[in-house]
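# Coordinate inspection notes
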Amino acid sequence: MMLLDGKLIAQEIKTEIANEVRKLLAKTGKTPHLAAVLVGEDPASQTYVASKEKACKEAGFISSVYKYHANITEKELLDVVNFLNNDDEIDGFIVQLPLPKHINQHKVIESIDPRKDVDGFHPVNIGRMLLGLPCFLPATPFGIVKLLERYKIETEGKSCVILGRSNIVGSPLSVLLSRNANPGNCTVTLCHSKTVNLKKICQHADILVAAIGKCEMVTADMVKEGAVVIDVGIHRVADETKKSGFRLKGDVKFDEVAKKCSYITPVPGGVGPMTITGLLMNTLLANKNELYH
């Protein structure tokens, strides 16, 4: 078993991006600028945005965070999005999800200029991805594909099972891994809460992606010997032995599944750092203005 070390690969890519940023700055005088809009006090969202700020600094980006109370109105938030759409100093921005229940998430996402949608969630970017046109890819699937690429994981002709059909991970990843590219050319099965014979389907997977949001749901008896396992899940589990009072676990029961794998991502340090790297890669593309003319 070999770990797919997302933290290591993310650092390599950030170093490459930082080198490119220095060249761009010398040539154009402009530094990539990534902004984030954070609504409310969700701890996971705060942690993610803080990690994004740190990654921006390492990559040589400018980072801005716009923080608002959870009681911000939908109109006020849409006004913020409109302001960022029209700010020429900002190359790309994200609106951190989830949003408070009184705000229509889809309405907010659709109000983002696709040319600045570095999360890759806007219908225009999703549509262009489906058609194989240049676009901003959703950050987590983008990061996963890069991780497979860097470790030279063979995907062509392989059976890939993805657990979870979210618009953020499962559905777009199924598109990326089935397209005629490298990585890609998998035969993909996208599973969800209504899938019948889930264990049997998983047992035939050469590549198994767990993005279903249930702590340690994937057990050793669901995994084929020698499979590649990608764990997208992240869950806080109480642990009094830890200073923080909790430990992080994924959707995969790591200790028992790892014994059967050829490759597996750890939690933490696997997919998480690659998601932020996907965001940086998209922002660099936005700065270079190569996707939309």
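What the rule picks out here adds up to 14 salt bridges. Salt-bridge contacts for K224 lead to D206; the nearest nitrogen and oxygen are separated by 2.6 Å. Remark: D206 occurs in the loop between α8 (198-203) and β7 (207-210) and K224 occurs in the loop between β7 and β8 (228-231); sequence separation between them is 18 residues. Here the salt bridges do not stand alone but share partners, grouping E12, E16 and R150 into one network.

Its volume calculated, the largest pocket comes out at about 1,600 Å³. If you go around the largest pocket, you meet 49 residues; those closest to its centre are A44, Y48, I234, G272 and T275. Where the lining of the largest pocket is concerned, the elements lending two or more residues are α1 (6-28), α2 (43-59), α6 (139-150), β9 (235-238), β10 (246-249) and α10 (271-288). Per element, the largest residue contribution to the lining of the largest pocket is nine residues, and it comes from α2.

Take the sheet that holds strand β4 (residues 92-95) next. Pairing in this open sheet of three strands is parallel, and the strands run β3-β2-β4 from one edge to the other. Two strands in the sheet have a free side with no partner beyond their single neighbour: β3 (62-68) and β4. Within the sheet, the average angular offset between the axes of one strand and its neighbour, ignoring direction, is 15°. Summarising the sheet, strand β2 (residues 33-39) and β3 pair through seven bridges and their orientation is parallel. In the sheet register, A36 faces β3, and the bridge partner there is V65. Across the sheet, α2 touches β2, β3 and β4, and the angle it forms with β2 is around 165°.

Two numbers describe how α1 lies on α2: the axes approach to 8 Å, and their chain directions differ by 50°. Viewed along their axes, α1 and α2 adopt a mutual orientation that is oblique. Residues Q11, K14, I17, A18 and V21 of α1 pack against A55, E58 and A59 of α2. Here the contact of α1 with α2 is built from residues that sort into five nonpolar, one polar and two charged.

Attention now goes to the sheet that holds strand β11 (residues 263-264). Two modes of strand pairing occur in sheets, parallel and antiparallel, and in both the strands are linked by backbone hydrogen bonds. Pairing is parallel in the open sheet, where six strands are placed in the order β1-β11-β8-β7-β5-β6. On the outer flanks of this sheet lie β1 (2-3) and β6 (187-191), each paired with one strand and no other. Bridging between β1 and β11 involves two bridges; their strand directions are parallel. Across the sheet, M2 pairs through a bridge with Y263, a residue of β11. Strands β5 (159-163), β6 and β7 of the sheet are contacted by helix α7 (residues 170-178), whose axis makes an angle of about 170° with β6.

Close contact between α2 and α10 brings their axes to 10 Å; oriented N to C, the two are set at 55°. As judged from the angle between their axes, α2 and α10 are oblique. Crossing of α2 against α10: the hand is right-handed. In this structure, α2 uses Y48, S51, K52, A55, C56 and A59 to contact α10, whose residues at the interface are T275, I276, L279 and L280. Across the contact of α2 with α10, the residue classes break down as seven nonpolar, two polar and one charged.

Before going further, it helps to spend a moment on the side chain of T155. Inspection of the secondary structure assignment puts T155 in the loop between α6 and β5. Under the relative-accessibility criterion, T155 is labelled buried at 1%. Not counting chain neighbours up to four residues away, the residues in contact with T155 comprise L148, N182, P183, G184, N185, C186 and I207.

Each value, and the rule that gives it
- Residues numbered from 1 in each chain as written.
- Predicted model: local features only at pLDDT ≥ 70, side-chain atom pairs only at ≥ 80, totals over all residues.
- Heavy atoms only, no water.
- Salt bridge = Lys/Arg side-chain N within 4 Å of Asp/Glu carboxyl O.
- Helix = DSSP H or I, 4+ residues; strand = E, 2+ residues; numbered from the N terminus.
- 1 Å grid on protein atoms, 1.4 Å probe; cavity = no way out; pocket = protein on both sides within 12 Å on 5 of 7 lines; lining within 4 Å.
- Points joined across faces, edges and corners; volume = space filled by probe spheres on them.
- Pairing = 2+ DSSP bridges.
- Axes fitted to C-alpha atoms, helices over the stretch in contact; angles between N-to-C directions.
- Contact = heavy atoms within 4.5 Å.
- Parallel < 35°, antiparallel > 145°, perpendicular 65-115°, else oblique.
- Nonpolar A, V, L, I, M, F, W, Y, C, P; charged D, E, K, R; others polar.
- Left-handed = near helix turned anticlockwise from the far one by under 90°.
- Buried < 20%, exposed > 50% of the residue type's maximum accessible area, 1.4 Å probe, protein only.

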